[in-house]
Amino acid sequence: MTADFATVTTPAGPFTALIDPDGAVLASGWTADAENLRTLIHSTLRPATLRERPDLGQVTKAIEAYHADDLTIIDSIAVRQVSGPFLVHAWEVLRKIPAGTPVTYTDFAASSGRPAATRAAANACARNAAALFVPCHRVIRTDGTLGGFRWGLDIKRWLLTHEA
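Residues numbered from 1 in each chain as written. Predicted model: local features only at pLDDT ≥ 70, side-chain atom pairs only at ≥ 80, totals over all residues. Heavy atoms only, no water.

Right, let's get into the pairing of strand β1 (residues 2-10). Taken together, the 4 bridges between β1 and strand β4 (residues 49-52) define a ladder with parallel strand orientation. From the neighbouring strand, A3 faces β4, where its bridge partner is L50. Summarising the sheet, β1 and strand β2 (residues 13-19) pair through 7 bridges and their orientation is antiparallel. Residue pairing in the sheet places D4 in a bridge with I19 of β2. Hairpin connection from β1 to β2: 2 residues lie between these consecutive antiparallel strands. (Pairing = 2+ DSSP bridges. Helix = DSSP H or I, 4+ residues; strand = E, 2+ residues; numbered from the N terminus.)

Here you go:
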């Protein structure tokens, strides 16, 4: 399979998305390195090749609109990720966290059906290949600090401020 990708300039830095032939996001993040994003995709979905495009249609429009303050536009974009049942469910739960209302890892674990599994919830955030569209940046530590973020704490802080 070949995945298409495009990089968009955003206020938080370059943002690249990879999509499958159906237009679903396979991976995305604040980087211009599409090959690095390709390696984040589960092996059963990982494309063999990448093809750069100037624009990915609705995905590119959503990236631009989100960064220009349409915070819910990302909700309508299809995402395709696979893993075990808990991770897939946790990623679906992440997509339901409203912009501007971050939750703690503990609350996220409870919402995902495993209240004692805070580490598993954090792992779901860490293994999320489709940043922004699966908004793992909306999960913070109980003490209010940011926790981790694959794309850096400065970008996570920017996203949370943008959504506030």
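Past the structure itself, the notes keep going.
We now examine the sheet that holds strand β3 (residues 25-29). If you walk across this open sheet you meet the 4 strands as β3-β2-β1-β4, and the pairing is mixed. Looking at strand neighbours, the two that pair on one side only are β3 and β4, the edges of this open sheet. Shown here is a sheet whose adjacent strand axes are inclined to one another by a mean of 25 degrees, direction ignored. (Axes fitted to C-alpha atoms, helices over the stretch in contact; angles between N-to-C directions.)

This paragraph deals with the pairing of β3. Burial analysis of β3 places 5 of its 5 residues in the buried class, which makes it a mostly covered element. Bridge analysis of β2 against β3 gives 4 bridges, and the strand direction is antiparallel. Following the sheet pairing, A17 is matched in β3 by S28. What sits between β2 and β3 in their antiparallel hairpin is a turn of 5 residues, with G23 showing a positive phi close to 90 degrees. (Buried < 20%, exposed > 50% of the residue type's maximum accessible area, 1.4 Å probe, protein only.)

The next thing to look at is the pattern of salt bridges. As enumerated under the stated definition, the model contains 7 salt bridges in all. The salt bridge partner of D20 is R80, with a shortest N-O separation of 2.0 Å. Taken together, the residues D20 in the loop between β2 and β3 and R80 in the loop between α2 (58-67) and α3 (85-94) connect sequence positions 60 residues apart. Salt bridges here are not isolated pairs; linked through shared partners, they connect D4, R51 and R53. (Salt bridge = Lys/Arg side-chain N within 4 Å of Asp/Glu carboxyl O.)

Our focus in this paragraph is the packing of aromatic side chains. With the rule as written, the count across this model stands at 3 aromatic pairs. Taken together, a centroid distance of 6.3 Å and an interplanar angle of 65 degrees make the contact between F15 and F133 edge-to-face. Of the two residues, F15 sits in strand β2 while F133 sits in the loop between α5 (118-126) and β6 (139-140), which places them 118 residues apart along the sequence. Relative accessible area serves as the criterion here: at 0%, F15 is assigned to the buried category. Centre to centre, the rings of W30 and F149 are 6.0 Å apart; their planes meet at 50 degrees, and the pair counts as tilted. A residue pair is termed long-range when its members are at least 10 positions apart, and W30 in the loop between β3 and α1 (34-40) and F149 in the loop between β6 and α6 (153-163) qualify at 119 residues. Under the relative-accessibility criterion, F149 is labelled buried at 13%. Among the aromatic side chains, those forming a connected cluster through ring pairs are F15, W30, F133 and F149. Geometry around F86 places R114 over its ring, the cationic atom sitting 4.5 Å from the centre. (Phe/Tyr/Trp six-rings, centres within 6.5 Å; stacked < 30°, edge-to-face > 60°. Lys NZ or Arg CZ within 6 Å of the ring centre and 35° of its normal.)

Let's shift gears to the environment of P54. Tracing the backbone through its elements, the reader meets P54 in the loop between β4 and α2. Distance in space between the C-alpha atoms of P54 and A6 is 5.8 Å, their sequence separation being 48 residues.

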